[in-house]
Amino acid sequence: MSLSLDCGGYRLDLSRPCVMGILNVTPDSFSDGGDFVGADAAVAHARAMEAAGAAIIDVGGESTRPGSRGVSTHEELSRIIPVLEALRGTVSVPVSVDTSKPEVMRAAARAGAGLINDVMALRRPGALEAAREIGLPVCLMHMQGTPQTMQDNPRYSDVVGEVEAFLLERLSVVEAAGIPAGQVILDPGFGFGKTDPHNAALLAGLPRLAAHGVPVLAGLSRKSLVGRVLGRALPERLPGSIAAATIAAWSGARIIRAHDVAETVDAVRLVDYVINNADGPGAASGQGGY
Ligand code: 7PM
């Protein structure tokens, strides 16, 4: 396992699980209602997430909401680049950019991004080459279909095996293109072409995905899985999201992508404490109890 990633000058320590705070800059973003459109508000939100313990800030300008049609390169650039430029020198954690477009990856890297988070796993024409040239770490996510149609009728015969095979195949393609495996993060893509039972199987199957020695990212925060299973509208999904984050961290995910950073950091720290003390008192270098 590569224990840390070089995010363009920022070191991201993955020897323990950490939290990636979500900074949406889409006007139609489902959780923020457009509150964080505009660089000033985005910077304030990013600083608050850093203060709450986020190890990465994830900036996304293209809504990947099920049914969405995507945005033009021009529109995505105009949302993301001013925010990245405003964040440069303002936050001291790496900033990832949630994009699938090679032109946006390049412009984002020039504007100070430290990691590429691609829900298309570098399958867009030119994306592999752009990522290799940029030299930043990349998160490869699984998605069945496209955002426009992915929730219509997702089908798998073995969801964990198929998602794992896809990610390992993308990992070898990416390596063959000249991106070192030590620069890669894998993500099963919760909610991207998956039913609730598919998402549940993937969450329960995370230890298998995490066993390959490549850091795993899990994004479940406020997602429909939590909403449907618990019957909760968006503002009521925090407890379920924390439960999902806890399972993911316990299962070996090293990056937990979340809206509610302070609460998720507490959950992840507790999991990390239990993992590090699993052998009981005296086994670790702990200072003892109260
Ligand atoms: C509307 C619907 C807006 C869904 C945003 C979303 C992931 C991601 C997203 C993820 C990685 C959300 C999603 N989800 N990147 N980007 N992994 N790597 O719920 O699970 O934030 S967008």
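Everything discussed here concerns the structure shown above.
The model shown is predicted, which means the values in this text are computed figures rather than measured ones. (Residues numbered from 1 in each chain as written. Predicted model: local features only at pLDDT ≥ 70, side-chain atom pairs only at ≥ 80, totals over all residues. Heavy atoms only, no water.)

Chemist: Describe the pattern of salt bridges, naming the residues involved and giving the relevant values.
Modeler: Within the structure shown, the criterion is met by 9 salt bridges. The shortest N-O distance in the salt bridge between Glu-76 and Lys-101 comes to 2.5 Å. Of the two residues, Glu-76 sits in helix α2 (residues 73–87) while Lys-101 sits in the loop between β5 (95–98) and α3 (102–110), which places them 25 residues apart along the sequence. Overall, the relative accessible area of 0% leaves Glu-76 in the buried class. In this structure Lys-101 comes out as buried when scored by relative accessible area, which is 6%. When salt bridges that share partners are traced, they join Asp-58, Asp-98 and Arg-257 into one network. (Salt bridge = Lys/Arg side-chain N within 4 Å of Asp/Glu carboxyl O. Helix = DSSP H or I, 4+ residues; strand = E, 2+ residues; numbered from the N terminus. Buried < 20%, exposed > 50% of the residue type's maximum accessible area, 1.4 Å probe, protein only.)

Chemist: If you had to explain helix α9 (residues 238–250) to someone new, which residues and values would you point to?
Modeler: The first and last C-alpha atoms of α9 sit 18 Å apart over 13 residues, in line with the 18 Å expected at 1.5 Å per residue. Taken as a whole, α9 has its buried residues at Gly-240, Ser-241, Ile-242, Ala-244, Ala-245, Ala-248 and Ala-249. Those residues of α9 that are buried are in contact with α6 (196–204), α7 (206–210), β9 (217–219), α8 (224–230), β10 (255–258) and α10 (261–276). (Expected span 1.5 Å × (residues − 1). Contact = heavy atoms within 4.5 Å.)

Chemist: Can you lay out unusual backbone geometry for me, pointing to particular residues and giving the numbers?
Modeler: Of note in this structure, Ala-121 is not a glycine but carries a positive phi near 55°. With respect to the element layout, Ala-121 can be found in the loop between β6 (115–118) and α4 (127–134). Overall, Ala-121 belongs to the buried group, its relative accessible area being 0%. A positive phi angle is found at Leu-122, which is not glycine, with a value near 65°. Looking at where Leu-122 falls in the secondary structure, it is placed in the loop between β6 and α4. For Leu-122, a relative accessible area of 2% translates into the label buried.

Chemist: Go over the environment of Ala-130, please, and point to the residues and values.
Modeler: One can find Ala-130 in helix α4. The spatial distance from the C-alpha of Ala-130 to the C-alpha of Ser-172 is 17 Å, given a sequence separation of 42 residues. Excluding residues within four positions of it along the chain, Ala-130 makes contact with Pro-102, Met-105 and Arg-106.

Chemist: So what about the side chain of Ser-241? Which residues, and what values?
Modeler: Assignment of secondary structure puts Ser-241 in helix α9. The exposure class of Ser-241 is buried, given its relative accessible area of 7%. Looking at Ser-241, its side chain comes within polar contact range of the main-chain oxygen of Arg-237, at 2.7 Å. Aside from chain neighbours lying at most four places away, what touches Ser-241 is Leu-220, Ser-221, Arg-222 and Val-226. (Polar contact = N/O pair within 3.5 Å; in protein donor to acceptor, adjacent residues only side chain to side chain.)

Chemist: Describe in detail the nonpolar core, supporting the description with residues and values.
Modeler: Ranked by size, the top nonpolar core spans 68 residues in total, and within it Val-59 and Leu-122 carry the most contacts. It is helix α5 (residues 159–176) that contributes the most residues to this core, 7 residues altogether. Residues within four places of Leu-122 in sequence aside, it is in contact with Met-105, Ala-127, Leu-128, Ala-131, Val-138, Leu-140, Arg-170, Val-174 and Ile-179. Leu-5, Cys-18, Cys-139 and Ile-255 belong to the second largest nonpolar core, which has 13 residues in total. (Core = buried A, V, L, I, M, F, W, Y, C linked by side-chain atoms within 4.5 Å.)

Chemist: So what about the sheet that holds strand β3 (residues 18–24)? Which residues, and what values?
Modeler: Strand order in the open sheet formed by 8 strands is β8-β7-β6-β5-β4-β3-β10-β9, with parallel pairing between adjacent strands. Among the strands making up the open sheet, the edge pair consists of β8 (184–187) and β9. If you compare each strand with its neighbour and ignore which way they point, the axes differ by 25° on average. For strand β7 (residues 138–141) and β8, the ladder comprises 4 bridges, and the chain directions are parallel. When the sheet's bridge partners are listed, Met-141 is paired in β8 with Asp-187. (Pairing = 2+ DSSP bridges. Axes fitted to C-alpha atoms, helices over the stretch in contact; angles between N-to-C directions.)

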